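What the coordinates show
Spelled out, the chains give:
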Amino acid sequence: MVNVVSKGYSVTKTLDCRELYCPLPIIKMQKAVKGMAEGEIIKVLATDSGSKRDFDSWCRKTGNKLLESTEDDGVFTYIIEKTGGA
Amino acid sequence: MSETKKMAIIVHSGTMDKLYPVFMLASAGTAMDVETHLFFTFWGLNALKKGGLEGAKLPGVMRLGTGMMKDRVKKANVSTLPQLLKMCKEYGNVKLYACSTTMELMKVSKEDLIPEVDDIVGAAVFLDIALDADIHLFI
């Protein structure tokens with residue numbers, strides 16, 4: 001299991017979307033972020049190759065902040081700060 | 001900050017390949033503050049009949065490969081059409097409308113439809129919704 005812990009970010013929640021395909025990752029993301037307070041940070045793991053653009057768009061549309069986006073051996077890790085709605 | 005946007009789709013086809021994009025977009029919309037209105041007409045109405053989503057097949061001669069496609073859907077952990085509908089209703093604002101004229105033409109009664117259907121309407125309702133929608137699709 002790839003578990004990249006980003007330096008400097010205090011992650012309050014981790015969401016595992018590996019092996020899930022569009023549109024499930026962003027639907028799960030929406031649910032997860034709803035229960036978070038503003039300023040809290042979530043780490044998301046995904047394997048869907050379309051998720052990179054999807055999470056970027058989702059963040060822009062919902063007003064949340066994509067702090068970091070990395071890929072390691074087919075697993076994407078997104079660090080997102082709740083700065084807006086969900 | 002985000003504000004709710006509206007998507008209006010005419011669902012004209014009742015085959016699996018066309019219903020997938022409809023329900024994928026609608027369910028994705030629930031995560032992006034998009035209110036979706038689905039207007040089911042002609043073959044699309046079949047999807048609203050009880051067992052219609054489960055029974056949707058690939059089009060034409062490809063219908064023979066429907067079982068194989070369903071196997072792949074399962075193996076790839078992709079959501080089924082009924083699962084996507086459930087998500088649409090659970091997480092967001094997705095409205096399902098049945099076209100009244102199609103119901104008459106196809107001899108479909110209200111009792112034949114799944115309970116998730118919000119209303120039976122005509123073209124005026126779709127136009128009313130579509131006139132202030134941000135996305136319009138015909139699938």
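One can find the structure itself at the top, above this paragraph.
Residue numbers restart at each chain and count upward from 1, following the sequence in its written direction. Working convention: letters from A go to chains and numbers from 1 go to ligands, in the order in which they are written. Local features in this predicted model are restricted to residues whose pLDDT is 70 or higher, and side-chain atom pairs enter the listing and the counts only when it is 80 or higher, whereas totals over whole chains, interfaces and linings include all residues. Derived side-chain values reflect all non-hydrogen atoms in the structure, with water molecules and hydrogen atoms excluded from consideration.

Across the contact, 17 residues belong to chain A and 18 residues belong to chain B. In total, chain A and chain B occlude about 1400 Å² of area from one another, counting both sides; carbon and sulfur atoms represent 68% of this. As a working definition, buried area equals the accessible area (1.4 Å probe) given up by two parts on being put together, with both sides summed. Considering only the surface of chain A that becomes buried against chain B, P23, I27 and K61 of chain A emerge as the three largest contributors, covering 39% of it. We count a salt bridge whenever a side-chain nitrogen from Lys or Arg sits within 4 Å of a carboxyl oxygen from Asp or Glu. At the boundary of chain A and chain B, one finds zero salt bridges. We define a polar contact as two N or O atoms separated by no more than 3.5 Å, with the added condition that, inside protein, one atom must be a possible hydrogen donor and the other a possible acceptor, whereas residues neighbouring each other in sequence contribute only through side-chain atom pairs. Our enumeration of links across chain A and chain B arrives at four residue pairs in polar contact (both at pLDDT 80 or more). Two residues form a contact once any of their heavy atoms are found within 4.5 Å.

Residue and element names in this part refer to chain B. Following DSSP output, two strands are said to pair if at least two bridges run between them. Runs of E in the DSSP output that reach at least two residues are strands. Runs of H or I that reach at least four are helices, and both are numbered from the N terminus. Spatially, five strands are ordered β4-β3-β2-β1-β5 in an open sheet, and the strand pairing comes out parallel. Each having just a single partner strand, β4 (119-121) and β5 (135-138) make up the two edges of the open sheet. Direction aside, neighbouring strands of the sheet carry axes that sit 25 degrees apart on average. Relative to strand β2 (residues 34-40), strand β1 (residues 5-11) is paired through seven bridges, and the arrangement is parallel. Residue pairing in the sheet places K6 in a bridge with E35 of β2. All axes here are fitted lines through C-alpha atoms, helices being fitted over the stretch that makes contact, and every angle between N-to-C directions spans 0 to 180 degrees. Helix α1 (residues 16-30) rests against β1, β2, β3 (94-99) and β5 of the sheet, and its axis sits at about 155 degrees to β2.

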